[in-house]
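Understanding the architecture of this molecule
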Amino acid sequence: MEQSNPADKENFLYPRGRYYGQVKPENLIFNANLQEFAQKIGIITSLETSGKLSPEEAYDQVKALWKQLKRSKKELGIGEPPPNDIESPPDEP
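Residues numbered from 1 in each chain as written. Predicted model: local features only at pLDDT ≥ 70, side-chain atom pairs only at ≥ 80, totals over all residues. Heavy atoms only, no water.

1. A look at the environment of Leu34
Mapped onto the elements, Leu34 comes out in helix 2 (residues 25–49). The class for Leu34 is partly exposed, based on a relative accessible area of 37%. Along the sequence, Leu34 and Ser72 sit 38 residues apart, while their C-alpha atoms lie 9.4 Å from each other. (Helix = DSSP H or I, 4+ residues; strand = E, 2+ residues; numbered from the N terminus. Buried < 20%, exposed > 50% of the residue type's maximum accessible area, 1.4 Å probe, protein only.)

2. Points about the pattern of salt bridges
Per the stated rule, a full pass over the model turns up two salt bridges. The closest approach of N and O atoms between Lys24 and Glu26, which form a salt bridge, is 3.5 Å. Among the residues examined, Lys24 registers a relative accessible area of 28% and is labelled partly exposed. (Salt bridge = Lys/Arg side-chain N within 4 Å of Asp/Glu carboxyl O.)

3. A few points about helix 3 (residues 55–76)
The end-to-end C-alpha distance of helix 3, which contains 22 residues, comes to 31 Å, matching closely the 32 Å that a straight helix rising 1.5 Å per residue would cover. Those residues of helix 3 that sit buried are Ala58, Leu65, Leu69 and Ser72. Buried residues of helix 3 fall within an arc of 55° about the axis and therefore sit on the same side. When the buried face of helix 3 is taken as reference, the exposed residues oriented beyond 90 degrees from it are Glu56, Tyr59, Lys70, Lys74 and Glu75. Turning to helix 3, the residues buried within the fold contact helix 2. Downstream of helix 3 by a residue or two, Gly77 has a phi angle that is positive, lying close to 75°. (Expected span 1.5 Å × (residues − 1). Arc of directions from axis to C-beta. Contact = heavy atoms within 4.5 Å.)

4. What to know about the nonpolar core
Core analysis: the largest hydrophobic core is formed by nine residues, namely Phe30, Phe37, Ile41, Ile44, Leu53, Ala58, Leu65, Leu69 and Ile78. Looking at this core, the elements that each hand over two or more residues are helix 2 and helix 3. Take this core: its biggest share by element is four residues, from helix 2. If sequence neighbours within four positions are ignored, Ile78 has contacts with Glu26, Asn27, Phe30 and Lys73. (Core = buried A, V, L, I, M, F, W, Y, C linked by side-chain atoms within 4.5 Å.)

Remember that the coordinates give geometry; whether it matters functionally is a separate question.
Put into structure tokens, the structure is as follows:
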């Protein structure tokens, strides 16, 4: 009998899509957070649809996950110009 590898189960249950954006550590981390968010949302919606979660419970869980993702975006500085990219006025001739 073949032994199952925990990493194989993890990859099957929680697949990760490939990242095609600008390769920077903060982008990679946020992409992983975004994929985890999407997977959890899928689980919550399935549980709510099947009657295992009330609509209110599902809403509260989605709201909490959204806040967590939003906080992650802010902490990683996604969408914010880096401090050294602030435009300086052009030199006068």
